[in-house]
Amino acid sequence: MIEHKRYIQTPDGYFMVLRQGDDVFARLEALMKEKAVPAASFVGFGFLRQATFGFFDFDDKAYRPKTIENLELANMTGTLAWKDGKPAIHAHGVAADDNFHAFGGHLLALEVGRGSLEIRVSVFPTRLERALDPAIGANVLQL
């Protein structure tokens, strides 16, 4: 299999084209580490072999996950920051199956399906961190 280039630099960040089998979050984390991205926002769309959505349960302070296969990602938006020295991704999205039933919410994991997935990463000049907000039990971006 030919190894394809996964991103190019743009005036405000990077443009990524991920391929079948790629772990989307692992590729975003690798970009953050390799290019020392201080923080960023991103948008994307494409084909998914599977997506794991999570609905945050404020009582349990944990995500209730649901994995769905063979989807088209209509939109994904999120932020890239740092937590405890590691990349921290916060993403939400909407994807539809072949019956045009849509699923949406917090994204916990994504694997690219047949075709590709495109992501535009807009880099911020300031490093941003996530920290646990004890009042809600979730990680919140600190400004």
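Everything that follows concerns the structure shown earlier in this document.
Every value quoted in this text rests on a predicted model; they were computed, and no experiment measured them.

Trainee: Help me out: how do you make sense of the overall build of the chain in this one?
Mentor: Of the regular secondary structure elements, the chain holds 1 helix and 8 strands. Start at the N end of the chain and walk to the C end: the helices and strands fall as β-β-α-β-β-β-β-β-β. For the chain, the C-alpha radius of gyration of 15 Å lies close to 15 Å, the compact-globule estimate for 143 residues. With the principal axes as the frame, the chain shows a C-alpha extent of 45 × 35 × 25 Å. Residue burial in the chain is summarised as follows: out of 143 residues, 38% are buried.

Trainee: How should I be thinking about the environment of Asp 97 in this particular structure?
Mentor: Position of Asp 97 among the secondary structure elements: in the loop between strand E5 (86-96) and strand E6 (102-124). Residue classification places Asp 97 among the buried residues on the basis of a relative accessible area of 18%. Residues Asp 97 and Leu 73, 24 residues apart in the sequence, show an inter-C-alpha distance of 9.1 Å. Only 2.9 Å separates the side chain of Asp 97 from the backbone nitrogen of Asn 99, close enough to count as a polar contact.

Trainee: Is there a simple way to think about the pattern of salt bridges in this case?
Mentor: Close approach of charged atoms allows side chains with opposite charge to pair. A full pass over the atoms with the stated rule returns 8 salt bridges. Notably, a salt bridge pairs Glu 69 with Arg 49, separated by 3.8 Å at the nearest N-O pair. Of this pair, Glu 69 sits in strand E4 (residues 62-83) while Arg 49 sits in strand E3 (residues 39-57), and the two are 20 residues apart along the sequence. By relative accessible area, Arg 49 is classed as partly exposed at 34%. Note that Asp 57 is salt-bridged to Arg 64, the shortest N-O span being 3.5 Å. Within this structure, Arg 6, Asp 22 and Arg 27 form a network of salt bridges that share partners.

Trainee: What exactly am I supposed to notice about the side chain of Arg 6 here?
Mentor: Of note, Arg 6 is situated in the segment before strand E1 (7-10). Assessed through its relative accessible area of 10%, Arg 6 is described here as buried. In this structure, Arg 6 is in contact with Phe 15, Met 16, Val 17, Leu 18, Arg 19, Asp 22 and Arg 27, ignoring residues within four places of it in sequence.

Trainee: Would you mind showing me how to read the packing of aromatic side chains here?
Mentor: Evaluated as defined, the whole model comprises 3 aromatic pairs. An angle of 80 degrees between the planes, with centres 4.8 Å apart, marks the rings of Phe 56 and Phe 58 as edge-to-face. Using a relative accessible area of 15% as the deciding quantity, one classes Phe 56 as buried. Residues Phe 56 and Tyr 63 carry aromatic rings whose centres are separated by 5.0 Å and whose planes lie at 65 degrees to one another, so their mutual orientation is edge-to-face.

Trainee: I would appreciate a short explanation of the pairing of strand E7 (residues 129-133) in the present structure.
Mentor: The two faces of the sheet receive side chains in turn, since in a regular strand these alternate between them. Alignment of E7 against strand E8 (residues 138-142), held across 5 bridges, turns out to be antiparallel. For Asp 133, the partnering residue across the bridge sits in E8 and is Ala 138. What sits between the antiparallel neighbours E7 and E8 is a turn of 4 residues, in which Gly 137 has the positive phi angle 80 degrees.

Trainee: Help me out: how do you make sense of the nonpolar core in this one?
Mentor: Generally speaking, soluble globular proteins have nonpolar side chains that are buried together. Within the largest apolar cluster, 30 residues are counted, with the highest numbers of intra-cluster contacts made by Val 24, Leu 28, Phe 42, Met 76, Leu 117, Ile 119 and Val 121. Elements supplying a minimum of two residues to this core: strand E2 (13-19), helix H1 (24-35), E3, E4, E5 and E6. Those residues in contact with Leu 28, other than ones at most four positions away along the chain, are Met 16, Phe 42, Leu 80, Ile 89, Ile 119 and Val 121.

The rules behind each value
- Residues numbered from 1 in each chain as written.
- Predicted model: local features only at pLDDT ≥ 70, side-chain atom pairs only at ≥ 80, totals over all residues.
- Heavy atoms only, no water.
- Helix = DSSP H or I, 4+ residues; strand = E, 2+ residues; numbered from the N terminus.
- Rg over C-alpha atoms; globule rule 2.2 N^0.38 Å.
- Buried < 20%, exposed > 50% of the residue type's maximum accessible area, 1.4 Å probe, protein only.
- Polar contact = N/O pair within 3.5 Å; in protein donor to acceptor, adjacent residues only side chain to side chain.
- Salt bridge = Lys/Arg side-chain N within 4 Å of Asp/Glu carboxyl O.
- Contact = heavy atoms within 4.5 Å.
- Phe/Tyr/Trp six-rings, centres within 6.5 Å; stacked < 30°, edge-to-face > 60°.
- Pairing = 2+ DSSP bridges.
- Core = buried A, V, L, I, M, F, W, Y, C linked by side-chain atoms within 4.5 Å.

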